[in-house]
Structure formats: structure tokens, C-alpha cells
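Each chain, letter by letter, is given below.
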Amino acid sequence: LYRRYGLWFRLRKLIIWLLGVYIAIPFLVKLCPAIQAKLVFLNFVRVPYFIDLKRPQDQGLNHTCNYYLQPEEDVTVGVWHTVPAALWKNAQGKDQLWFEDALGSSHPVILYLHGNAGTRGGDHRVELYKVLSSLGYHVVTFDYRGWGDSIGSPSERGMTYDALHVFDWIKARSGDNSVYIWGHSLGTGVATNLVRRLCERETPPDALILESPFTNIREEARSHPFSVASTQYFPGFDWFFLDPITTSGIKFANDENVKYISCSLLILHAEDDPVVPFHLGKKLYNIAATSRSFRDYKVQFVPFHTDLGYRHKYIYRSPELPRILR
């Protein structure tokens, strides 16, 4: 009897402890919106670990230069510039000045805006740079403030301003070459923020490419597999978990931004994407396709069948990608 009583006592303590955590976490998130912001950005997750971002050649990018730009006082962002594969031999041993001058060569430029977590040195990101370089593009990418070795605190406004600064830096050096903006996942939110701003000041990019986009961050957060499961067990899920995102000033409203964008738009989305559901990308396309701002521009949606297994971040593997981009 004593043993049974002791076992029941320990089990009861465990149940009470779990119940306390179950109740405390939602209130903690509600009272500290910064926690939810951290979960959206995941900038503290730096994968792959133990890589030197100053040495892109360690990731197989032997025609890439590492820069540091300063969008604002006390903010520094780390940038990688990969030249087209045709310039690979010429790039060997060259300094930053040579790479900056190379932006004026007769090759288009892609500004790549990555998603949350990781750095500009993420494996799938590096593989995309290689593909785009082989197709004749300059690829310029960077870590937003608070990511990788970039200095500053992350925020939607700050990330957008970093992207604007890098875009202007590219335009000042690329002459008449085409400049395209490519956003992936959370980076699509930065991309549409940026392009809306560029269109409003009448300096739009030549095209916008959105890979695995969502409509807005609230709808994406609600559609995430973790959230779908949580809504069954957490009464008031929206109030506890989603409202703090808005309180933190995080919107990434792609669905609103596309109504003010006036340049060609390409959306890429895999049907088996487990992070950003396919239906959100399709919904965003439907909004853009009927928007008056796109009436003089091409809007295209390219789905990738589930059988291909591209999921959230492997569309770069598609042999059709060169044709699609052309």
C-alpha cells in the first residue's frame, strides 16, 4: 500500500506540474509578445553550425565575396555576392572592389531574401545560389540584422529596411542590368514589403519571385502544423498565440502588398510543402491575379507536384527551373 501510495503521489505531482505548464505557457506568451516574435524569426537558430560566414568558399562558393554593409547606425549586415559561373575563373583571388565592379557586367542580378532560421550559408540556400549562378545571374544575399553575423535586433521594419539598403547598393553598381528580387518563405514577406515600397517610389525591380509564399503571417501561423494541432487543445488559441504576433508589429502582409505592386510576378510552390501550406500560395496568386496593379504585368503561378518531393526548400532541384525563369 505504501508503494502504491508513493507511486500515485509522484504521478499526481507530475500531472499537476504538466497542468501548470499547460496553463502558464499561453499566459507567458500573451504577456511577453517578444517570445512569439522570437518564434517567428527563429534568428537564434544558426544552422549549419560551425561555419565561418566570412569564408563562403568553405561552402563550395569559390566565386563569392563576403561584404559588410551598414544600413543604419549600429546595424551591420553580412552579404554574399556570387558572380555568374561564366566569371568563375576571373573571380579567383579578386577583392571586394572587383566584385562590386562586376555587378556592372552584362548579367542580370538576383537579390535573394531568405526565410527564418539559419543564415545565408544554409545548405539549400547555397545550392540555389549555385543553380542561379550557373544560369548566368549575379546572386546577392545577406543576413538580416540579428541573423548570422549581422548586428542588430530583428524586426519586420528593420528587415525591410536592410533589404532596401542592399537593393539600392546593387542598383548603384549594376547600371542598366535587370535586377530581380527572390523571396523564400518568411523572406517573401520581406520581399513584398520591399517591392511595394519600391513601386511607391517608382523604382520597381524588373520582376518579383516568391518561393513558398503565404498570405500574411497570422494566417501562416494559424496554418502551421503545430498550430493546427494546438487549436484542438488550447481554448482561445488565437488570443493567446496569434494576437501577440500582431502586438509585436509583425504582419508580413503579402496579400495586402500585392495590391500595390506593379512588376512581373512569379510564384513557385510545392504541393507537399509542410511548412507553408500550398493553398496559401495559391490564394496569394488569386489575389494578385485579380489586382488592378498587375493589369499590365505578367503574373504566373507554378506548382510542383507532390511526387517530386520538393517540400518547403528543394524547388532548386527542379530541372524545369531554368525554363521557368527564362
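Residues numbered from 1 in each chain as written. Predicted model: local features only at pLDDT ≥ 70, side-chain atom pairs only at ≥ 80, totals over all residues. Heavy atoms only, no water.

J.: Looking at this model, I keep getting lost on the pairing of strand 8 (residues 299–304). Mind explaining?
T.: The side chains of a regular strand alternate between the sheet's two faces. With 6 bridges joining them, strand 7 (residues 264–270) and strand 8 adopt parallel strand pairing. The residue bridging leucine 266 from the neighbouring strand is glutamine 300, located in strand 8. This β-α-β element, strand 7 to helix 12 (residues 278–289) to strand 8, shows right-handed connectivity. (Pairing = 2+ DSSP bridges. Helix = DSSP H or I, 4+ residues; strand = E, 2+ residues; numbered from the N terminus. Right-handed = clockwise from strand over helix to strand, strands pointing away.)

J.: Sorry if this is basic, but what is going on with helix 6 (residues 156–174) here?
T.: Compared with an ideal rise of 1.5 Å per residue, which puts 19 residues at 27 Å, helix 6 spans 27 Å between its outermost C-alpha atoms and is within 8% of the ideal. Those residues of helix 6 not exposed but buried are Glu156, Gly158, Met159, Thr160, Asp162, Ala163, Leu164, Val166, Phe167, Trp169, Ile170 and Ser174. One or two positions beyond helix 6, positive phi appears at glycine 175, with a value near 60°. (Expected span 1.5 Å × (residues − 1). Buried < 20%, exposed > 50% of the residue type's maximum accessible area, 1.4 Å probe, protein only.)

J.: I tried to follow the side chain of serine 150 on my own but got confused; where do I start?
T.: The topology assignment puts serine 150 in the loop between strand 4 (138–142) and helix 6. At 2.9 Å, the side chain of serine 150 forms a polar contact with the backbone nitrogen of glycine 78. A polar contact is formed between the side chain of serine 150 and the backbone oxygen of aspartate 143, at a distance of 2.7 Å. With residues near it in sequence (within four places) discarded, serine 150 still touches Thr76, Val77, Gly78, Asp143, Tyr144 and Arg145. (Polar contact = N/O pair within 3.5 Å; in protein donor to acceptor, adjacent residues only side chain to side chain. Contact = heavy atoms within 4.5 Å.)

J.: Would you explain unusual backbone geometry in this entry?
T.: Trans peptide bonds make up most of the peptide bonds, and negative phi angles are found at most residues other than glycine. Omega for the peptide link from valine 47 to proline 48 comes to -5°, which places this bond in the cis form. Looking at the secondary structure, you find proline 48 in the loop between helix 2 (33–41) and strand 1 (64–72). Unusually for a residue other than glycine, phenylalanine 50 sits at a positive phi of about 60°. Position of phenylalanine 50 relative to the elements: it lies in the loop between helix 2 and strand 1. Overall, the relative accessible area of 87% leaves phenylalanine 50 in the exposed class. With a phi angle near 55°, serine 212 is a residue other than glycine that sits in the positive phi range.

J.: Help me out: how do you make sense of the nonpolar core in this one?
T.: Ranked by internal contacts, the top residues of the largest apolar core, which has 59 residues, are Phe41, Leu111, Leu113, Phe142, Ile181, Leu208 and Phe252. Beyond its immediate chain neighbours, meaning those up to four positions away, leucine 111 contacts Val140, Phe142, Ala163, Val166, Phe167, Ile170, Tyr180, Ile181, Trp182 and Leu194. Of all hydrophobic cores here, the second largest spans 25 residues; its members include Ile51, Ile110, Phe304 and Tyr316. (Core = buried A, V, L, I, M, F, W, Y, C linked by side-chain atoms within 4.5 Å.)

J.: Hey, could you run me through the pairing of strand 3 (residues 109–113) in this one?
T.: Among the 5 residues of strand 3, 5 are classified as buried, and the element is accordingly described as predominantly covered. What you see with strand 3 is no split at all: Val109, Leu111 and Leu113 on one side and Ile110 and Tyr112 on the other are buried throughout. For the segment spanning strand 3, helix 5 (residues 123–134) and strand 4, crossover handedness is right-handed. In this structure, strand 3 lies alongside strand 5 (residues 179–184), joined through 5 bridges in parallel fashion.

J.: Any chance you could explain a nonpolar patch on the surface here in plain terms?
T.: Judged by side-chain polarity, Trp8, Leu11, Leu14, Ile15 and Trp17 come together as a nonpolar surface patch covering roughly 550 Å² of accessible area. Note that tryptophan 8 resides in helix 1 (residues 2–31). (Patch = residues over 30% accessible without salt bridge, like charges linked within 9 Å, V, L, I, M, F, W, Y side chains within 5 Å. Areas by Shrake-Rupley, 256 points an atom, 1.4 Å probe, with all protein chains shown as cover. Salt bridge = Lys/Arg side-chain N within 4 Å of Asp/Glu carboxyl O.)

J.: Just checking my understanding: could you explain the packing of helix 6 against helix 7 (residues 186–200) for this structure?
T.: Helix-helix packing is described using two parameters, namely the angle between the two axes and the distance between the axes. Contact geometry for helix 6 and helix 7: axes closest at 9 Å, N-to-C directions at 60°. The chirality of how helix 6 crosses helix 7 is right-handed. Across the interface between the two elements, Glu156, Met159, Thr160, Tyr161, Ala163, Leu164 and Phe167 from helix 6 touch Leu186, Val190, Asn193, Leu194, Arg197 and Leu198 from helix 7. By residue class, the composition of the contact of helix 6 with helix 7 is 9 nonpolar, 2 polar and 2 charged. (Axes fitted to C-alpha atoms, helices over the stretch in contact; angles between N-to-C directions. Left-handed = near helix turned anticlockwise from the far one by under 90°. Nonpolar A, V, L, I, M, F, W, Y, C, P; charged D, E, K, R; others polar.)

J.: Can you help me understand the pattern of salt bridges in this one?
T.: Side chains bearing opposite charge may pair, as long as their charged atoms lie close to each other. For the structure shown, the criterion picks out 13 salt bridges. Between arginine 55 and aspartate 58 there is a salt bridge; the shortest N-O distance is 3.1 Å. The exposure class of arginine 55 is partly exposed, given its relative accessible area of 37%. For the salt bridge of arginine 201 with aspartate 168, the shortest nitrogen-to-oxygen distance reads 2.4 Å. Of this pair, arginine 201 sits in the loop between helix 7 and strand 6 (207–211) while aspartate 168 sits in helix 6, and the two are 33 residues apart along the sequence. Each of Glu72, Arg145, Arg157 and Asp162 takes part in one network of salt bridges that share partners.

J.: Where do I start with helix 12 in this structure?
T.: Residues spaced three or four apart along an α-helix point in a common direction, a consequence of the helix completing one turn every 3.6 residues. For helix 12, spanning 12 residues, the distance from its first C-alpha to its last is 17 Å, which sits close to the expected 16 Å at 1.5 Å a residue. Where the residues of helix 12 are buried, they touch strand 6, helix 8 (217–223), helix 11 (254–257), strand 7 and strand 8.

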